[in-house]
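# Fold and contact review
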Amino acid sequence: MNKNPVIELLVSSNHLKPENIPKFEVGVKITNNRSHSIPFDLSEFELYVNSERNMAWDLTVNNGTLMNIKISPGMNETISWPIGEAMFQFPGIYELKLVRGNAVLKQMVYITED
């Protein structure tokens, strides 16, 4: 059994119409596979949208509300934020990359024309 926490990059949808951008959420799910509680610092994550660091993510995640969380053994924590309007300006293909140290998680989001 892998004893490292399992981290997932979550998006509320991979396909959006422009009118649904305000409802779009991006977040993380962290699962603790260890036999003891683990602290987790969300400020260790950086989010990139099409290779550019996303300032809306930085401002939202680092606002101090949920920076440090504690996850019990065998449990998970899911946290997401509605920052679609700050991430997507136009229809197109967007690559989201969540970076923590050497780990990189990716999701593709497609914004279609009306």
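Report follows, based on the coordinates. All values reported here derive from a predicted model rather than from experimental measurement.

To continue, consider the overall build of the protein chain. Check the secondary structure of the protein chain and you find 2 helices and 10 strands. Counting helices and strands in the order they occur from the N terminus, the protein chain gives β-β-β-β-β-β-α-β-β-α-β-β. A compact globule built from 114 residues would reach a C-alpha radius of gyration of about 13 Å, and the protein chain, at 15 Å, matches this within 12%. Along the first, second and third principal axes, the C-alpha set of the protein chain runs to 50 × 30 × 25 Å.

On to unusual backbone geometry, then. The phi dihedral of Asn 50 falls on the positive side, at around 50°, and the residue is not glycine. As for its position among the elements, Asn 50 is in the loop between strand 5 (46-49) and strand 6 (52-53). With a relative accessible area of 36%, Asn 50 lands in the partly exposed category. One non-glycine residue, Ser 51, lies in positive phi territory at about 70°.

Formed by 30 residues in total, the largest nonpolar core has its most connected members in Val 26, Trp 57, Phe 88 and Leu 96. Discounting residues that sit within four places of it in the chain, Phe 88 has contacts with Leu 16, Ile 21, Phe 24, Tyr 94, Leu 96, Val 109 and Ile 111.

Right, let's get into the packing of aromatic side chains. Aromatic ring pairs: the centre-centre distance and the angle between the two ring planes describe each pair. Applying the stated criterion across every chain yields a total of 4 aromatic pairs. Relative to Phe 88, the ring of Phe 24 lies with its centre 5.0 Å away and its plane at 75°, an arrangement referred to as edge-to-face. Of this pair, Phe 24 sits in the loop between strand 2 (15-16) and strand 3 (26-31) while Phe 88 is found in the loop between helix 2 (84-87) and strand 9 (92-100), placing the two residues 64 residues apart along the sequence. The exposure classification of Phe 24 matches that of Phe 88, with both residues buried. One aromatic cluster is present, formed by Phe 24, Phe 88 and Tyr 94 through successive ring pairs.

Taken in spatial order, the 5 strands line up as 2-10-9-5-6 in an open sheet, and their pairing is mixed. At either end of the open sheet lies a strand with only one pairing partner, and these are strand 2 and strand 6. Sheet topology note: the strand 9/strand 10 (residues 103-111) ladder contains 9 bridges and is antiparallel. Among the inter-strand pairings, Val 99 is bridged to a residue of strand 10, identified as Val 104.

Cut-offs and rules
- Residues numbered from 1 in each chain as written.
- Predicted model: local features only at pLDDT ≥ 70, side-chain atom pairs only at ≥ 80, totals over all residues.
- Heavy atoms only, no water.
- Helix = DSSP H or I, 4+ residues; strand = E, 2+ residues; numbered from the N terminus.
- Rg over C-alpha atoms; globule rule 2.2 N^0.38 Å.
- Buried < 20%, exposed > 50% of the residue type's maximum accessible area, 1.4 Å probe, protein only.
- Core = buried A, V, L, I, M, F, W, Y, C linked by side-chain atoms within 4.5 Å.
- Contact = heavy atoms within 4.5 Å.
- Phe/Tyr/Trp six-rings, centres within 6.5 Å; stacked < 30°, edge-to-face > 60°.
- Pairing = 2+ DSSP bridges.

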